[in-house]
Amino acid sequence: MMKVLIKSGPEENFPLWAECFKKADPSLDVHFWSDKSVDPADVGYVMVWEPPQGWLASLPNLEVVFSSGAGVDHITKDPSWPEALPLVRMGGADMAQRMGEFVVWSALSLLRDTRDFALGQAAHEWRYKEVEHSAPQRTVGIMGLGNLGVGSARMLSAVGFNVRGWSRTAKDIEDLETFAGPAEFEAFLSGADIVVCLLPATAETKGLLDATAFAAMPRGAGIISVGRGQHLVESDLIAALDNGGLSGAVLDVFDKEPLAGDSPLWDHPRIIVTPHIASTPSRQEKADFVAASIERHKNGQALSNVFEAGRGY
Ligand code: NAP
Ligand code: GLV
């Protein structure tokens, strides 16, 4: 039986992972990634977040790499990662539910300008103001219509927002106005009062949220950045917030994480910063997903959510 190694969080949490994998499939032989008792030749599967450079290439009989997250950029940035193997992106309903909760919270925070109330509270100031719009009067545009983008769209609609989406390939999704490709990007942005970025990190998506994009949005639009830090040009965001082009932003992901203590983003009065916590599904959901995929792989069945090098996600 090929072993499964886990690198997702600190070693002290490994017993929690072991318990979840035991529930998912008691036949799996699961170890912490740096367990010295494991012969690298016996490792068939890994579930990882930010594997050290060269480590995956040092496992000679590896069959499948599972990303502990939906993004895989933390794996593919290692030039020696074993590209011939299937690389599986984490998916699942709980991940979409949690992202939807974060996006709805963020959109409502922008709608109600909760950042200003928090600053008022810290200063003991009664900052009374009338709320200008309700959700049905606002349109949220979602960049990226994958597991997380579509899940978030459904939850935003349920709260009353109008929702539109933009993806690489054209989509036909019930109750969702959709746009696709670079040619329709500006039209998509021009009708979005709040833009949510739920794209993967690829060469094509780098820097899409820049001054040109902000200028294409209605004046006073808001930004929710939950994909990856590389999508956002931070200096352009600050300039647009300072000149009123944008009215607020919720940022969960950053170019460099953890965000440096001296970053101007922390204290900006129109920015809410969260530490890359938008959606981390439960350990049990991840273990169930990986165990079910290993079972499929062992039975010669196709895996879902496999990274495609040609498109970069
Ligand atoms: P997914 O299912 O792979 O969906 C990706 C979406 O992005 C697809 O709709 C895809 O278009 C679209 N896309 C890719 N390249 C594009 C381009 N050049 N132009 C326009 N659209 C493009 O991914 P997911 O599971 O929803 O996750 C999305 C991302 O969220 C992850 O890659 C990760 O970076 C981020 N994430 C963040 C957190 C957090 O806690 N902050 C948690 C989980 C994930 P097609 O539909 O045409 O293929
Ligand atoms: C988190 O950012 C993920 O990619 O799942």
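Structure shown above.
First, a word on scope: everything that follows refers to the structure included in this document.

Reading the values: rules and limits
- Residues numbered from 1 in each chain as written.
- Chains lettered and ligands numbered in written order.
- Predicted model: local features only at pLDDT ≥ 70, side-chain atom pairs only at ≥ 80, totals over all residues.
- Heavy atoms only, no water.
- Phe/Tyr/Trp six-rings, centres within 6.5 Å; stacked < 30°, edge-to-face > 60°.
- Helix = DSSP H or I, 4+ residues; strand = E, 2+ residues; numbered from the N terminus.
- Buried < 20%, exposed > 50% of the residue type's maximum accessible area, 1.4 Å probe, protein only.
- Lys NZ or Arg CZ within 6 Å of the ring centre and 35° of its normal.
- Near = heavy atom within 4 Å.
- Polar contact = N/O pair within 3.5 Å; in protein donor to acceptor, adjacent residues only side chain to side chain.
- Areas by Shrake-Rupley, 256 points an atom, 1.4 Å probe, with all protein chains shown as cover.
- Nonpolar A, V, L, I, M, F, W, Y, C, P; charged D, E, K, R; others polar.
- Domains from an automatic or database assignment.
- Pairing = 2+ DSSP bridges.
- Axes fitted to C-alpha atoms, helices over the stretch in contact; angles between N-to-C directions.
- Contact = heavy atoms within 4.5 Å.
- Core = buried A, V, L, I, M, F, W, Y, C linked by side-chain atoms within 4.5 Å.

**A short note on the packing of aromatic side chains**
We describe a pair of aromatic rings using the distance from one ring centre to the other and the angle between the two ring planes.
Moving on, step 1. Throughout the structure, instances matching the rule amount to 10 aromatic pairs.
Moving on, step 2. Ring centres of Phe185 and Phe188 lie 6.4 Å apart, and the angle between their planes is 15°; this geometry places the pair in the stacked category. Of this pair, Phe185 and Phe188 both sit in helix α6 (residues 185–190), 3 residues apart, roughly one helical turn. Comparing Phe185 with Phe188 shows no difference in burial state: the two are buried.
Moving on, step 3. Grouping aromatic residues by their ring pairs yields a cluster made of Phe14, Phe32, Trp33 and Trp55.
Moving on, step 4. Directly above the ring of Trp33 sits Lys7, whose terminal nitrogen or CZ lies 5.4 Å from the centroid.

**Some points on the site of ligand 1**
Moving on, step 1. Around ligand 1 sit 28 residues in total, of which Arg89, Leu145, Thr169, Lys171 and Tyr313 are the nearest.
Moving on, step 2. Between a nitrogen atom of ligand 1 and a side-chain N or O atom of Asp252, the distance comes to 2.9 Å.
Moving on, step 3. Between Ser279 and ligand 1, the recorded distance is 3.0 Å, taken from a backbone N or O atom to an oxygen atom.
Moving on, step 4. Here ligand 1 has 950 Å² of accessible area as a free molecule, and 92% of this is covered by the chains.
Moving on, step 5. Of all the secondary structure elements, the ones that give two or more residues to the shell around ligand 1 are α5 (147–159) and β7 (162–167).
Moving on, step 6. For the shell around ligand 1, the residue count by class is 12 nonpolar, 10 polar and 6 charged.
Moving on, step 7. Split by domain, the residues of the shell around ligand 1 number at least three in each of domain 1 (3–92 + 281–298) and domain 2 (95–273).

**With respect to the site of ligand 2**
Moving on, step 1. Around ligand 2, a shell composed of Trp49, Gly69, Ala70, Gly71, Met95, Arg228 and His276 is seen.
Moving on, step 2. A distance of 2.6 Å separates an oxygen atom of ligand 2 from a polar backbone atom of Ala70.
Moving on, step 3. Bound to the protein, ligand 2 loses 83% of the 200 Å² it would expose on its own.
Moving on, step 4. Among the residues making up the shell around ligand 2, the classes are represented as 3 nonpolar, 3 polar and 1 charged.

**Here's the deal with the sheet that holds strand β12 (residues 271–273)**
Moving on, step 1. The strand order across the open sheet built from 7 strands is β8-β7-β6-β9-β10-β11-β12, with neighbouring strands paired in parallel fashion. Whereas interior strands pair on both sides, the edge strands pair on one side only; in this sheet they are β8 (177–180) and β12. This sheet shows a mean twist of 15° between the axes of neighbouring strands, independent of strand direction.
Moving on, step 2. As judged from the 5 bridges shared by strand β6 (residues 139–143) and β7, these two strands associate in the parallel manner. For Ile142, the partnering residue across the bridge sits in β7 and is Gly165.
Moving on, step 3. Packed on one face of the sheet, α5 meets β6 and β7 and runs near 170° to β6.

**What to know about the nonpolar core**
Moving on, step 1. Within the largest apolar cluster, 48 residues are counted, with the highest numbers of intra-cluster contacts made by Phe21, Leu156, Phe161 and Val226.
Moving on, step 2. Sort the elements by how many residues they give to this core and helix α3 (residues 93–112) lands first, with 8 residues.
Moving on, step 3. Setting aside chain neighbours within four positions, we find Val226 in contact with Met99, Phe102, Val103, Val196, Cys197, Leu198, Asp252, Val253 and Ala278.
Moving on, step 4. If you look at the next biggest cluster of nonpolar residues, it comprises 30 residues, including Met143, Met217, Ala221 and Ala249.

**So, the environment of Leu145**
Moving on, step 1. Within the fold, Leu145 resides in the loop between β6 and α5.
Moving on, step 2. Leu145 sits in the buried class, given a relative accessible area of 10%.
Moving on, step 3. Residues Leu145 and Cys20, 125 residues apart in the sequence, show an inter-C-alpha distance of 30 Å.
Moving on, step 4. Apart from the residues lying within four places of it in its own chain, the contact partners of Leu145 are Val150, Gly165, Trp166, Ser167, Lys171, Ile173, Leu176 and Thr178.

**Here we look at the environment of Phe66**
Moving on, step 1. Note that Phe66 resides in strand β4 (residues 64–67).
Moving on, step 2. By relative accessible area, which is 0% here, Phe66 ends up buried.
Moving on, step 3. In this structure the C-alpha to C-alpha distance between Phe66 and Trp49, which are 17 residues apart in sequence, comes to 9.0 Å.

**A closer look at the side chain of His231**
Moving on, step 1. Tracing the chain through its elements places His231 in the loop between β10 (221–225) and α8 (234–242).
Moving on, step 2. A relative accessible area of 0% places His231 in the buried class.
Moving on, step 3. The residues contacting His231, other than those within four sequence positions of it, are Cys197, Leu199, Pro200, Ala201, Thr205, Gly207, Leu208 and Leu209.

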